[in-house]
Amino acid sequence: MSANSDQVVSHKYTASLAAEIELKWQSHWEDDKSFRALNPGDPGFSPEMPKFYCLDMFPYPSGEGLHVGHPEGYTGSDIISRFKLMKGCNVLHPMGFDAFGLPAEQYAVATNVHPAVTTAKATEVFRSQLKRFGFAYDWSREFSTTDPDYYRWTQWIWLKAYDSWFDQELQKARPISELVDGLDSGDIVIDEGPGWSEMNQQQRREYVDSRRLAYLGEQVVNWCPALGTVLANEEVIDGRSERGGHPVRRMSLRQWMFRIREYADRLLEDLSLIDWPESTRQMQTEWIGRSEGGELNFTLDSPVRDIESLEVFTTRPDTVFGATYMVVAPEHPLVEALLEVDGATDRFREYVMQARNRSDVDRMIESREKTGVDTGVFAINPATGQPIPVFVADYVLMGYGTGAIMAVPAHDARDHEFARTFGLDITRVVDGPGDVQEQAYTEPGVAMNSSNDDISLDGLGTDEACTRMLDWFERNGKGARRVNYRLRDWLFSRQRYWGEPFPIVFDEDGNHYPVSEEHLPVLLPEMDDFKPVESDTPMPPLGRATDWVATTAGEAGVSPDLLPPDTPVRRETNTMPNWAGSCWYYLRYIDPHNQERLVDPEAERYWMLSNRSGDGPSRTTAAGEDFDADQFHVGGVDLYVGGAEHAVLHLLYARFWHKILFDRGYVSTPEPVGRLFHQGMILAFAYQRDDKSLVPVDQVRQDEDESWVEIETGREVSQVVAKMSKSLRNVVNPDDVINEYGVDTLRLYLMYMGPLDATKPWNTRDIKGIHRFLQRVWRLAIDEESGAIVTIEQADEQVERMLHATIKKVDGDIPKLAFNTAIASMIELVNKATGPGMTSDQLSRFTRVLAPFAPHLAEEIWSRIGETGCISHAEFPSWDETMLASDQVEIPIQVKGKIKARILVASDADQETLERLALENEQIIAILDGNQPRKVIVVPGRMINIVP
RNA sequence: GCCGGUGUGGCGGAAUUGGCAGACGCGGUGGAUUCAAAAUCCACUUCCUGGCAACAGGAGUGCAGGUUCGAUUCCUGUCACCGGCACCA
């Protein structure tokens, strides 16, 4: 009893002591505003400090609370932020909440609890969980996308897009007023149809509306009955909704769209200028899907109603001579016209109806066998002059190109398959191996069978043949060069309650008028029933707020210049999609409380513009006229950390919005994010039976021989890695880990699991190792029994050397986000120092190295050894290269690449010395057996290789 | 089908430019400490063969080849897994 065991544990670094330390410093930091970032103009702001803007993808606060995947990325960015602070940067490291969206609304539909209530509660939970991690966020900049003060500016940006048109010549967005001025003055001429001067007021209005970047488009949309809303193409995967996997139907609706296609080239080109993961840049490239080719005109042998010809897009104009038939999509105008003309066969009608009604789900599930019907119409192949049949088939998509193709079965796999099914001619026009009657030859090659009275491609390579053919089409006015994109305009309306209302109203004639800026935000009306309105056509829930919807121009805030205040108007009842708020939140963090603007220009310039001489990303841009690419980086945010699941949608949309704002002069960089990093997914172990079915974790035990057994059956199961899921009961709750070990341990474990961008399994067993490491750190400074400081007076030489090496290693690894190896080197140091101990000067340096990773523990030791001030604002320690060099080094001697001996030599031993020493080595002499070596390769300081 | 990524001990993972494979952690084994245990500290721990042992020999970074004095690293082919796209003309 006298050897009091309680006393032993009383100063041990346990979960409870960790919690005590952590909560103490967290409240210190909060009281001292330790992580408040200063803007230009703030008292105490020093303009000479370099800036570092470090951004996390903000979370959607779900009712479930934080998942371990969240703090993984957040810890990584926190380490960089704290490191940059210690390096003397002014760091902007903010956090907020992306709180509009479907789950809260679905919950509201089910329970009638207002989404604002659900969201506020979930946000509260998230915030307190995040605070428990001790992240160095400037919480004074926090906001939620649902704050009226925030979405006011989301609406404002949408109005800017509404007030913009894209000038093809300048490749940039300009104010609508400049379009009108240009049309009035005749500087801008309308290509097709009646000229501006011949138009009446209504026609002019419609023309201008058709040019807006945010426009109202009649569009075949993806209607998801289960969600009661339409979805963007990007939100539909294999004919089902991205969220929830519900079936999606196609129908026509008038919806707000974004003219993102206008930016296709710029979005594509600028990808090469930013420091983003290759995979993400490639996904965006493919998403944009630029292809060069020609739009060619095929005349019908007799017109159908007013349709005299078909336009097709092709990337292989060199194969026109091989076009033996044509195909139009079921939604093509020619099909429409044929249905209205007598003579369309029943089979034709039936096929078209079936194809149109068929949902995308069915199209996907059905086999890929080509189906189609002959329209009975013939077109003239412009190259051969021969009549060729026109088919309708659903393998041609209305949404890509012109919705019609010339079919070249000899050189296109799909056309080949169709031609075989329907017994159509297959004519070879490109020379190459194989029999095109059996299989399409799709590679480039030398043209053949490709000549008429006017032109011959025979003997030309594909590239040259394409060029000649396009020249020929252009000369004859039968076609033109064209670039086509897979990217489609962005559908921006949702039939939901819990989103940003559009700041726009409609008069009785259906004309739309913007709400003027000073009347923003257009607030969501209070409602108590959130269900979508039952109707043949989708009706948004906001339609129920009849008092809100029916108003007057004056009430809604439409400028009296546009409409007399007492004009009755109806508000837009659609809302913006979830992406809206996340498209620009990084800008609002810069100046979150500004009531006058979305962001103060000076603050924006300070935080977004990086000098290329700094240590930011090294990519540069082709100089745009509005941007000095020689001096600045294209991207604004210095580091953006978040999941790869946002590689296309969020990150493409944000780039698009940013470019509009850039064109209109509201931001100073052409790209929002200079460097992007995706943290990997954290998986968990699960157990698999022989038949590959998975067994929940709690139904498995480990035998003494380490094998895993299903408890119920006693059968052996194998350990596999799977996504965390409730059904497998392998979801890790960060709160539990914090309770058991403290948050510094959790932070360190998350970073030590493996490379930050790798997908890796959570292994609860491994956390102990990291916890032990922190306990060792603690014991280096503190006596567990007495709580007294145990620093030594005289530094151990080897520990000192290793400390220098560790400082260098960590200093180099942090900017690379190679935290796992940085931690490994700290562990090595601490293992080395366990025993000899450290001086307080060594501890001062070591705790500063540790501080970005385990800030609370580091801060505690820092203060106990008598240092003052916040450790995260202390200078990151430096190292002395001369302390890294050792006098002697062990060098392996290889014979034919295999190590046979090792010698200890002076580390600066030169080539001759090493060769001599190697050949004098007894083992080597024995191996050589008196023979002269043919060759000796010596890499000083590394190795010696002898070839006998 | 196409594109991209990854394959290294029992497990998670290290390894600058082609130069000592397996750092570091987990797990395991042995020892110290303890009445005992936990905790802690120390040592060993890729596999195979031989040996009481120190040790000796061999194999080894998914697989099969190649380049090279030397390959986890570069090249060719191939397999598996993960992610993305998917009739895009």
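Residues numbered from 1 in each chain as written. Chains lettered and ligands numbered in written order. Predicted model: local features only at pLDDT ≥ 70, side-chain atom pairs only at ≥ 80, totals over all residues. Heavy atoms only, no water.

S.K.: Even after reading the chapter, I still don't get the overall build of chain A, so can you show me in this structure?
M.R.: The secondary structure content of chain A amounts to 30 helices and 37 strands. With the principal axes as the frame, chain A shows a C-alpha extent of 105 × 90 × 70 Å. For chain A, the residues scored as buried account for 55% of the 948 residues in total. Looking at chain A alone, contacts between residues at least 24 apart form 70% of all its contacts between residues at least 6 apart. Approximately 42,600 Å² of chain A is accessible, and the part contributed by carbon and sulfur atoms is 47%. Within chain A, the 150 negative side-chain charges are centred at a point lying 3 Å from the centre of the 95 positive side-chain charges. (Helix = DSSP H or I, 4+ residues; strand = E, 2+ residues; numbered from the N terminus. Buried < 20%, exposed > 50% of the residue type's maximum accessible area, 1.4 Å probe, protein only. Contact = heavy atoms within 4.5 Å. Areas by Shrake-Rupley, 256 points an atom, 1.4 Å probe, with all protein chains shown as cover. Lys, Arg positive; Asp, Glu negative; His and termini not counted. Charge placed at Lys NZ, Arg CZ, Asp CG, Glu CD.)

S.K.: Would you take a moment to explain the nonpolar core for this structure?
M.R.: In summary, soluble globular proteins display a tendency toward joint burial of nonpolar side chains. In this structure, Trp 158 and Trp 762 are the most contacted members of the largest nonpolar core, which totals 181 residues. Dropping the residues within four chain positions of it, Trp 158 is found in contact with Ala 214, Trp 256, Phe 258, Phe 492, Phe 502, Pro 503, Ile 504 and Met 576. (Core = buried A, V, L, I, M, F, W, Y, C linked by side-chain atoms within 4.5 Å.)

S.K.: Sorry, what's going on with the protein's contact with RNA strand B here?
M.R.: Surveying the vicinity of RNA strand B reveals 51 residues, the closest of which are Gln 282, Tyr 400, Arg 414, Arg 902 and Asn 945. In the environment of RNA strand B, a sugar or linking oxygen lies 3.2 Å from a nitrogen or oxygen atom belonging to the side chain of Thr 314. With respect to RNA strand B, the backbone of Leu 397 contributes an N or O atom lying 2.8 Å from a base nitrogen. It is helix 24 (residues 764-781) that provides the largest number of residues to the surface near RNA strand B, a total of eight residues. In terms of residue class, the surface near RNA strand B is built from 19 nonpolar, 12 polar and 20 charged. (Near = heavy atom within 4 Å. Polar contact = N/O pair within 3.5 Å; in protein donor to acceptor, adjacent residues only side chain to side chain. Nonpolar A, V, L, I, M, F, W, Y, C, P; charged D, E, K, R; others polar.)

S.K.: In this structure, what is going on with the environment of Glu 331? I would like to understand it.
M.R.: Mapped onto the elements, Glu 331 comes out in the loop between strand 12 (325-328) and helix 11 (333-340). On the basis of relative accessible area, Glu 331 is assigned to the partly exposed category, the value being 31%.

S.K.: Can you help me understand the pairing of strand 28 (residues 682-688) in this one?
M.R.: The two faces of the sheet receive side chains in turn, since in a regular strand these alternate between them. Here strand 28 lies mainly inside the structure; seven of its seven residues are buried. Pairing analysis gives three bridges linking strand 28 to strand 33 (residues 760-762), with the strands arranged parallel. Note on strand 33: the bridge partner recorded for Leu 683 is Pro 761. One ladder, built from five bridges, connects strand 28 with strand 32 (residues 716-722); its direction is antiparallel. Within strand 32, the residue paired with Phe 685 across the bridge is Val 721. As paired strands, strand 28 and strand 29 (residues 694-695) are joined by two bridges and run antiparallel to one another. Residue Gln 688 lies in a different strand from strand 29, and its bridge partner there is Leu 694. (Pairing = 2+ DSSP bridges.)

S.K.: What am I meant to see in the environment of Thr 319 here?
M.R.: As for its position among the elements, Thr 319 is in the loop between strand 11 (307-314) and strand 12. Considering only alpha carbons, one finds Thr 319 and Ala 122, 197 residues apart in sequence, at a separation of 59 Å. If we ignore the near neighbours within four places in the chain, the residues touching Thr 319 are Met 406, Val 408, His 411, Val 429 and Val 430.

S.K.: Just checking my understanding: could you explain a negative patch on the surface for this structure?
M.R.: A cluster of acidic residues, Asp 887, Asp 908, Asp 910 and Glu 912, forms a negative patch at the surface. Tracing the backbone shows Glu 912 in helix 29 (residues 911-920). Classification of Glu 912 by relative accessible area gives exposed; the value is 58%. (Patch = residues over 30% accessible without salt bridge, like charges linked within 9 Å, V, L, I, M, F, W, Y side chains within 5 Å. Salt bridge = Lys/Arg side-chain N within 4 Å of Asp/Glu carboxyl O.)

S.K.: Explanation requested: the packing of aromatic side chains in the structure shown.
M.R.: Two numbers describe a pair of aromatic rings. These are the distance of the centres and the angle of the planes. One pass over the full model with this rule turns up 47 aromatic pairs. Judged by centre distance (4.4 Å) and plane angle (25°), the ring pair of Phe 418 and Phe 422 falls under stacked. In this pair, Phe 418 and Phe 422 are both assigned in helix 14 (residues 413-422), four residues apart and thus about one turn of the helix distant. With a relative accessible area of 0%, Phe 418 lands in the buried category. The lysine or arginine in question, Arg 212, covers the ring of Tyr 162, its NZ or CZ lying 3.9 Å from the ring centre. (Phe/Tyr/Trp six-rings, centres within 6.5 Å; stacked < 30°, edge-to-face > 60°. Lys NZ or Arg CZ within 6 Å of the ring centre and 35° of its normal.)

S.K.: Even after reading the chapter, I still don't get the pattern of salt bridges, so can you show me in this structure?
M.R.: A pair can form between side chains of opposite charge whenever their charged atoms are brought close. All told, the structure shown has 47 salt bridges when counted by the stated rule. Here Asp 78 makes a salt bridge to Arg 747, at a shortest N to O gap of 2.9 Å. Here the residue Asp 78 occupies a position in helix 3 (residues 69-86), and Arg 747 occupies one in helix 23 (residues 743-752), the gap between them amounting to 669 residues. Asp 78 sits in the buried class, given a relative accessible area of 0%. Of the charged contacts in the structure, one is a salt bridge between Asp 811 and Lys 87, with a shortest N-O distance of 2.6 Å.

S.K.: Is there a simple way to think about the sheet that holds strand 6 (residues 229-231) in this case?
M.R.: Strand pairing in a sheet is mediated by backbone hydrogen bonds. Such pairs are either parallel or antiparallel. Strand order in this open sheet of four strands is 6-5-9-19, and the pairing throughout is antiparallel. Single-partner strands in this sheet number two, and they are strand 6 and strand 19 (490-491). By the bridge criterion, 10 bridges tie strand 5 (residues 214-224) to strand 9 (residues 249-258) in an arrangement that is antiparallel. By the bridge assignment, Val 220 is partnered in strand 9 with Ser 252. Helix 6 (residues 148-162) rests against strand 5 and strand 9 of the sheet, and its axis sits at about 90° to strand 9. (Axes fitted to C-alpha atoms, helices over the stretch in contact; angles between N-to-C directions.)

S.K.: How do you make sense of the side chain of Asp 813 when you look at a structure like this?
M.R.: By secondary structure assignment, the location of Asp 813 is in helix 25 (residues 797-813). The contact partners of Asp 813, leaving out residues within four places of it in the chain, are Ala 818, Thr 821 and Ala 822.

S.K.: Would you mind going over the domain arrangement of chain A with me for this structure?
M.R.: Buried accessible area, meaning the area lost when the parts come together, often serves as the stated size of an interface. Splitting chain A by domain gives domain 1 (1-26 + 731-744 + 763-873), domain 2 (291-484), domain 3 (684-722) and domain 4 (888-947). The centre of domain 2, based on its C-alpha atoms, is set 71 Å off from the matching centre of domain 4. (Domains from an automatic or database assignment.)

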